[in-house]
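# What the coordinates show
The chain contents come next:
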Amino acid sequence: MPARDILVYPDERLKYESMEVESFDDELQEFIMDLEASRCAGPGAVGIAAPQVGRLQRIVIVDVSAMRKSVPNHGHLVLINPVIAEWEGHEIGREGCLSVPDFTGNVIRAQRIRLQAQDPHGELCEFEMQGFEARAVQHEIDHLDGLLFLDRVVSRRTDIFRRKVYKK
Ligand code: NI
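Residues numbered from 1 in each chain as written. Predicted model: local features only at pLDDT ≥ 70, side-chain atom pairs only at ≥ 80, totals over all residues. Heavy atoms only, no water.

Our focus in this paragraph is the coordination of the nickel ion. Donor atoms from the polypeptide that bind the nickel ion are Cys97 (SG), His139 (NE2) and His143 (NE2), placed at 2.1 to 2.2 Å. In the primary structure, the donors to the nickel ion are separated according to the pattern C-x41-H-x3-H. Here Cys97, found in the loop between β4 (91-95) and β5 (103-109), pairs with His139, found in helix α2 (residues 131-144); they are 42 residues apart in sequence, far enough to count as distant. (Donors = N, O, S within 2.8 Å, 3.2 Å for Na, K, Ca; no water. Helix = DSSP H or I, 4+ residues; strand = E, 2+ residues; numbered from the N terminus.)

The subject of this paragraph is the sheet that holds strand β6 (residues 112-118). Within a sheet, each strand pairs with its neighbour through backbone hydrogen bonds, oriented either parallel or antiparallel. Taken in spatial order, the five strands of this open sheet run β1-β2-β3-β6-β7, and their pairing is antiparallel. With one partner strand each, in any of the chains shown, β1 (47-49) and β7 (124-130) form the two edges of the open sheet. Taken over all neighbouring pairs, the strand axes of this sheet differ in orientation by 35 degrees on average, direction set aside. The sheet contact formed by β1 and strand β2 (residues 59-62) spans three bridges and is antiparallel. (Pairing = 2+ DSSP bridges. Axes fitted to C-alpha atoms, helices over the stretch in contact; angles between N-to-C directions.)

A separate point is helix α1 (residues 26-40). Taking 1.5 Å of rise per residue, the 15 residues of α1 would be expected to cover 21 Å, and the 22 Å separating its terminal C-alpha atoms lies within 8% of that figure. Residues Leu28, Phe31, Ile32, Asp34, Leu35, Ala37, Ser38 and Arg39 constitute the buried set of α1. Its buried side turned inward, α1 meets β1, β2 and β3 (77-88). Once α1 finishes, Gly42 follows within two positions and takes phi at roughly 60 degrees, a positive value. (Expected span 1.5 Å × (residues − 1). Buried < 20%, exposed > 50% of the residue type's maximum accessible area, 1.4 Å probe, protein only. Contact = heavy atoms within 4.5 Å.)

Quick look at the side chain of Asp142 now. Note that Asp142 resides in helix α2. When residues no more than four places from it in sequence are discounted, the contact partners of Asp142 are Arg109, Leu147 and Arg152.

In this section: unusual backbone geometry. The omega torsion of the bond from Tyr9 to Pro10 falls at 10 degrees, within 30 degrees of zero and hence cis. Summarising the element assignment, Pro10 is placed in the segment before α1.

If you look at the biggest cluster of nonpolar residues, it comprises 19 residues, and the most contacted ones within it are Leu79, Ile113, Leu115, Phe127, Met129 and Val137. Every element with two or more residues in this core is listed here: β2, β3, β6, β7 and α2. Among the elements that line this core, the one with the most residues is α2, at five residues. Look past the residues within four positions of Phe127 in its chain and what remains in contact with it is His74, Leu77, Leu79, Ile113, Arg114 and Leu115. One finds Val21, Ala45, Ile61 and Val78 within the second-largest nonpolar core, a separate group that totals 14 residues. (Core = buried A, V, L, I, M, F, W, Y, C linked by side-chain atoms within 4.5 Å.)

This is the structure in structure tokens:
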């Protein structure tokens, strides 16, 4: 399960739109293990999307269960072809990203979402999410559409913050 190199801003490949996953084969399962290893390598992160390791497919992993402040969540999720079907409310919150290691930013996201996705074997699943888990999923789906949190901040002057050490 080798961790793969994370593409870092301003790598052009982070701007591409990812393709839907169509075959749920052994190669996909192996890639998911590599993606998970990549998420957990180095500082660790609550989420990762396939394009961050250079694979332009709609695959994300989210797991906010290890956060210091406990938040409502569904544990470790591998989401294939995720689609947000409903949004509700909005709130501002701080985000970081493995592909933007030196900065965090304030981003407005929906408070609650209804998410549809497939699991690694192609089974359809649906989740009601809120708070930080919903935020993490919205952040990761942005990667599939070629967007970073840097593209979402209201003001690059006042909503982006330099950090010294990467923390969860
Ligand atoms: Ni990210």
